[in-house]
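# Remarks on the overall topology
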Amino acid sequence: MNVLKALLKQLFGTKYERVIKSLITCLILYLAVSTAGISIEIAPSVLFLTAMAFSADIMWQALHSPGNADRMSGLFMLPFANRRMTFSFVLAFAGYTLLTQTFPVLALFFAVREWSVLQTAVALLCACNGCFMAAAWYTMANEASFTVLWCVGMLLSIFFVQKVMVFTLIVFASLCLSFLRLLMADAYVFYRPASAKHLIRHTKGTGSILLYLLRYLMTNKHYLMNTVGLCVVGGILPMISEQFEGLNVMPLGFAILCLNTPICTLLSCDPDLEQAVRVLPGQAGRFCTRYCFFIFSVNMAVSSVYLAVWQIRRGGVGGIEIMTAVLIALQSAMLAVLLEWFHPVRNWKIESDLWHHPRKYVVPFIMLLMAGFIGMYPVGIWVLLCIVIAEVLYWRS
């Protein structure tokens, strides 16, 4: 209990104040959406899948957070019981995942549709199962085939098991399997010393900064998965846009594909790097310029997939469309860097907090407004061009 309490205080605050904030957030979301009269038909399988998959994803991110090395180093210096340490760590992060990330999402689901007591209970059970499955998978690094079969089995049961009670028994069996796997796990599997990732501090030159950013992207699987996921979205959007014949919705796709949160928070997620960049003279312009080019390159890579699929599916991609993609990607990159430089996110506990911070919606919201203006008024592209040129001149000065 002492270990669990120590971890919970690190995640929720010394007086667990973040628990109250999260519950208030859930209540506000529920009341705001339910009183608005929004009603959506949602299949129970979608609710169960969201609760399980979302919780598993957030739990996986939490377990891989670099800050865990600092949290665990002090605990492992003291005598401990293996199973108590394991379950204290898992329970602390599971509680953190459910209260701060999963419950707000479930609050939205519960607000837009009426669910039975049984369906609500099963959704909560799925969320808990997702957390414990992620923790069990984390300890099974050398058992990838079994992990894949487990994951596929749960997905098939969600979509093909019609009776809720039978599905509940399957989820409960999965939860028991996770529990048994964690009983056999070594607590040291959760302790991973911090990697030497601050390669930029003792390097010089343009190439080293870009090389650091590229290495940072390549060595963080979550960043890569987010970018790959956006590429998949870019391939699907042209097919969805076929429903809006007569409307120029292509610019909206470019704005949506700029929602790549992890690469836009590199300074926030690495306070040591931020301190080094701010202290050294002349680093602000040099680093921010290269950082902007880096985000722009990633945005353009995703937008290129979108353009290619659009051309194959619908055709009509010309110079104006390519220029729109370039300008939206560049404008998004500049705004993201300026926001990260002047208003970095502070006081976050794990990287998942950083990636799901409300600040991430500021730049995409601005870009959606710009894209909507361009779609409605063709002259908007030239207005955006003038804005980008003015920002580039100001940036260089």
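Let me sum up the structure you'll find in this document.

What counts, and at which threshold
Residues numbered from 1 in each chain as written. Predicted model: local features only at pLDDT ≥ 70, side-chain atom pairs only at ≥ 80, totals over all residues. Heavy atoms only, no water. Helix = DSSP H or I, 4+ residues; strand = E, 2+ residues; numbered from the N terminus. Patch = residues over 30% accessible without salt bridge, like charges linked within 9 Å, V, L, I, M, F, W, Y side chains within 5 Å. Areas by Shrake-Rupley, 256 points an atom, 1.4 Å probe, with all protein chains shown as cover. Salt bridge = Lys/Arg side-chain N within 4 Å of Asp/Glu carboxyl O. Expected span 1.5 Å × (residues − 1). Buried < 20%, exposed > 50% of the residue type's maximum accessible area, 1.4 Å probe, protein only. Arc of directions from axis to C-beta. 1 Å grid on protein atoms, 1.4 Å probe; cavity = no way out; pocket = protein on both sides within 12 Å on 5 of 7 lines; lining within 4 Å. Points joined across faces, edges and corners; volume = space filled by probe spheres on them. Nonpolar A, V, L, I, M, F, W, Y, C, P; charged D, E, K, R; others polar. Core = buried A, V, L, I, M, F, W, Y, C linked by side-chain atoms within 4.5 Å. Contact = heavy atoms within 4.5 Å.

### Concerning the environment of G229
Locating G229 in the fold gives a position in helix α10 (residues 221–240). Considered as a pair, G229 and V302 are 73 residues apart in the sequence and their alpha carbons are 9.5 Å apart.

### Focus on a nonpolar patch on the surface
A contiguous nonpolar patch, built from I320, F373, M376, Y377, V379, W382, V383 and I387 and spanning about 760 Å² of accessible area, is present on the exposed surface. Counting residues per element, the ones that place at least two in the nonpolar patch are α17 (362–376) and α18 (380–396). If one sorts the elements of the nonpolar patch by residue count, α18 sits on top with 3 residues. Relative to the helices and strands, I387 resides in helix α18.

### Comments concerning α17
In a regular helix each residue adds 1.5 Å, so 15 residues correspond to 21 Å; α17 covers 22 Å between its end C-alpha atoms and thus fits that length. Residues of α17 that are buried include every one of V363, P364, M367, A371 and I374, and no others. An end-on view of α17 places all buried positions within 90° of arc, on one side of the element. Of the residues in α17, the exposed ones pointing more than 90 degrees away from the buried face are F365, L369 and M376.

### Regarding empty space enclosed by the protein
Using a probe with the size of a water molecule, rolled over the atoms, empty space left in the structure can be pinpointed. Taken as a whole and assessed by the stated rule, the structure comprises 1 cavity of 30 Å³ or more. Approximately 180 Å³ is the volume attributed to the largest cavity. Lining the largest cavity are 16 residues, and of these C264, A336, R359, K360 and V363 sit closest to its centre. Every element with two or more residues in the lining of the largest cavity is listed here: α15 (319–342) and α17. A breakdown of the residues in the lining of the largest cavity according to their chemical character gives 9 nonpolar, 5 polar and 2 charged.

### Here's the deal with the nonpolar core
Ranked by size, the top nonpolar core spans 52 residues in total, and within it M52, M59, C126 and F167 carry the most contacts. Counting only elements with at least two residues in this core, the list comes to α1 (2–12), α2 (17–35), α3 (44–63), α5 (82–112), α6 (117–138), α7 (144–160) and α8 (164–183). Ranked by the residues each element gives to this core, the list is headed by α5, at 13 residues. Residues in contact with F167, not counting those within four places in the same chain, are F48, M52, V122, C126, S157, I158 and V161. Core analysis: the next-biggest nonpolar cluster, separate from the first, contains 51 residues, C264, L266, A333 and V363 among them.

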